[in-house]
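Coordinate inspection notes
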Amino acid sequence: MLKMLALAFLGITTSMTFPIIAKALPDQKINQYLAEHYTQYQTRENFSGIQLSVKVNEAPTQTYVIGRESHDPNSAPITAESLFHIGSITKSFTAALLLQNDRNQALDLNADFTQYLPEYSHWSGIITTQLLNMTSGLPNYTDSPTVNYLLSQDLEQFWEKRSLIDFVYPQHSSAKPPLRSGYDYNNTGYLLSALLLETVTEKSFANLITEQLLQPYELENTFYPVPNPSAAVQQRLVEGYNFNPYTNPELVGKDVSRNNLSWAGAAGALVSNTEDIIHWVRTLFIEDNLLSAEEKEEMQQIVSLQTGEAIAQTTATDPYGFGLGIIQGYDERWGNYWFYQGETLGYRSFYVYFPCNQVIISALFNSSVDAQNNHARSLIQQVYGTLLEDDPALICQT
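The following refers to the structure shown. Treat the numbers as computed from the prediction; the structure is a model and nothing was measured.

Across all of its chains, the model carries 1 disulfide by this definition. Between the sulfur atoms of C356 and its disulfide partner C396 the distance amounts to 1.5 Å. Note on the C356 and C396 pair: the S-S dihedral is about 95°, so by sign convention the disulfide is right-handed. Remark: C396 occurs in the segment after α12 (376-390) and C356 occurs in the loop between β11 (348-354) and β12 (359-365); sequence separation between them is 40 residues. Assessed through its relative accessible area of 13%, C396 is described here as buried.

Buried residues dominate strand β9 (residues 327-331), accounting for 4 of its 5 residues. Sheet topology note: the strand β8 (residues 320-322)/β9 ladder contains 3 bridges and is antiparallel. Residue pairing for β9: Y320 is matched across the bridge by G329. Counting the residues that bridge the hairpin from β8 to β9 gives 4 residues, and of these G325 lies at a positive phi of roughly 80°. Of the strand pairs in this sheet, β9 and strand β10 (residues 335-343) are connected by 5 bridges, and their pairing is antiparallel. Residue pairing for β10: I327 is matched across the bridge by F339.

To continue, consider the environment of L151. By the secondary structure assignment, L151 is in helix α4 (residues 145-153). Each C-alpha atom of the pair L151 and A363 lies 26 Å from the other, and the pair is 212 residues apart in sequence.

Summarising burial for β10: 9 of the 9 residues are buried, a large majority. Hairpin connection, β9 to β10: the antiparallel pair is bridged by 3 residues. The pairing of β10 with β11 spans 6 bridges and is antiparallel. Within β11, the residue paired with W338 across the bridge is Y353. Two successive antiparallel strands, β10 and β11, enclose a turn made up of 4 residues.

Here we take up helix α2 (residues 90-103). Given a rise of 1.5 Å per residue, 14 residues ought to cover 20 Å, and the 20 Å separating the end C-alpha atoms of α2 matches this to within 8%. In terms of burial, α2 is largely enclosed, as 12 of its 14 residues are buried. Downstream of α2 by one or two residues, Q105 has phi in the positive range, about 65°.

Before going further, it helps to spend a moment on the packing of α2 against helix α7 (residues 205-214). Packing of α2 against α7 leaves a shortest axis separation of 10 Å and a crossing angle of 80°. Relative to α7, the element α2 lies roughly perpendicular. Contacts between α2 and α7 pair F93, T94, L97, Q100 and N101 from the former with F205, L208, I209, Q212, L213 and L214 from the latter. Split into classes, the residues belonging to the contact of α2 with α7 amount to 7 nonpolar, 4 polar and no charged.

To continue, consider helix α1 (residues 27-45). It helps to recall that an α-helix has 3.6 residues per turn; residues three or four apart then point in one direction. A bend of about 35° at T39 is the largest found in α1. All of the buried residues along α1 are I30, Y33, L34, H37, Y41, Q42 and E45. Elements in contact with the buried residues of α1: β1 (49-56), β2 (62-67), β11, β12, β13 (367-368) and α12. One or two steps after α1, the chain reaches N46, where phi turns positive at roughly 65°.

Of note, the bond from V226 into P227 is cis; its omega dihedral lies within 30 degrees of zero at 10°. Within the secondary structure, P227 is located in the loop between α7 and α8 (231-236). Even without glycine at this site, N57 takes up a positive phi of about 55°. Its location among the elements puts N57 in the loop between β1 and β2. A positive phi angle, close to 60°, is found at E202, a residue other than glycine. In this fold, E202 is placed in the loop between α6 (188-201) and α7.

Glancing now at the environment of Y217. One can find Y217 in the loop between α7 and α8. Residue Y217 is classed as buried on the basis of its relative accessible area of 17%. Each C-alpha atom of the pair Y217 and V238 lies 25 Å from the other, and the pair is 21 residues apart in sequence. Apart from the residues lying within four places of it in its own chain, the contact partners of Y217 are Q100, Q212, H279, T283, N289 and L290.

The rules behind each value
- Residues numbered from 1 in each chain as written.
- Predicted model: local features only at pLDDT ≥ 70, side-chain atom pairs only at ≥ 80, totals over all residues.
- Heavy atoms only, no water.
- Disulfide = S-S within 2.5 Å.
- Helix = DSSP H or I, 4+ residues; strand = E, 2+ residues; numbered from the N terminus.
- Buried < 20%, exposed > 50% of the residue type's maximum accessible area, 1.4 Å probe, protein only.
- Pairing = 2+ DSSP bridges.
- Expected span 1.5 Å × (residues − 1).
- Axes fitted to C-alpha atoms, helices over the stretch in contact; angles between N-to-C directions.
- Parallel < 35°, antiparallel > 145°, perpendicular 65-115°, else oblique.
- Contact = heavy atoms within 4.5 Å.
- Nonpolar A, V, L, I, M, F, W, Y, C, P; charged D, E, K, R; others polar.
- Bend = angle between axes of the 7 residues up to and from the residue.

Following this line, the structure appears as structure tokens:
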């Protein structure tokens with residue numbers, strides 16, 4: 001659950017050649033790839049629909065859809081307005097909130113996080129930035145067998161953040177197990193980050209993300225549905241199917257769209273569509289209203305997934321780096337790019353962003369699968385490849 005799968009989507013060389021005047025997208029080819037992917041993998045991955053959006057530089061975002069809102073053949077077709085869980089893409093929102101409040105001097109990203117949350121002094125020595133870049137070494141609450149079992153027993157249960165952290169925090173024990181070193185994917189740090197934000201601002205995380213991000217940046221199709229989604233949001237949410245027998249065998253084949261996302265919280269509870277994901281990626285990486293140049297640089301400082309050490313950029317020998325809620329990848333054919341893959345109990349989300357030609361692609365599926373049976377990468381590669389083939393001006397020069 002909420003696992004980041006380090007897939008080598010694609011990349012680009014870093015020559016800054018934009019702005020590019022984009023021509024019309026090759027709709028026929030993109031729709032063909034979407035149909036072929038649906039036909040090949042719909043049964044194998046148990047999804048009923050795909051939503052995909054593409055934006056090239058300043059051209060309008062184009063959205064492509066296939067399938068229905070559920071496996072019921074009489075259900076409504078997927079549309080551009082359909083909503084999905086977007087899982088760990090939520091982490092970039094949480095990181096942006098922390099950067100904003102660091103700017104306002106409400107907190108210090110370079111301070112020990114227990115300065116703000118002394119009840120977790122058992123974990124003193126971890127700086128706040130480490131909660132975000134996966135180098136805290138903390139145990140991951142979503143790896144707890146107890147959490148997974150309880151979720152499977154009652155999908156609609158509401159979870160308090162501290163209750164989830166308690167599963168991996170031995171408060172009543174004199175023992176202090178050693179933390180892991182290096183990079184280790186972790187959701188606990190994002191729950192602690194939300195608690196930290198709530199402590200210093202005296203506002204709920206739901207209010208913070210809505211008032212500081214969703215409303216001012218006009219993310220009109222993105223919602224933080226905690227403690228519960230509105231009836232309007234739930235009505236637009238497509239059914240989501242768990243199809244991962246390795247993590248949640250009790251849920252395989254079941255619709256989990258009624259799942260209360262409080263268990264995911266600041267680590268992965270947002271609901272959105274592909275158009276808003278692209279809008280968010282542009283806001284985060286390209287535009288200058290949300291974060292200053294210095295804050296973007298801080299967010300994009302990455303640590304190697306291999307060593308946990310800071311690196312300037314990813315390379316052929318060290319191809320993945322984690323920043324503050326974002327990931328940089330490298331592919332020998334294309335170079336560097338930014339991406340994220342999110343997953344909840346019944347949904348998968350993807351974006352990939354190529355800085356030199358400002359191409360952004362986002363895709364959403366209403367099923368969750370294990371990594372070996374996840375073929376979304378091939379669809380995104382095909383779409384990006386046809387964009388370059390159709391418009392050679394988008395090919396970045398070394």
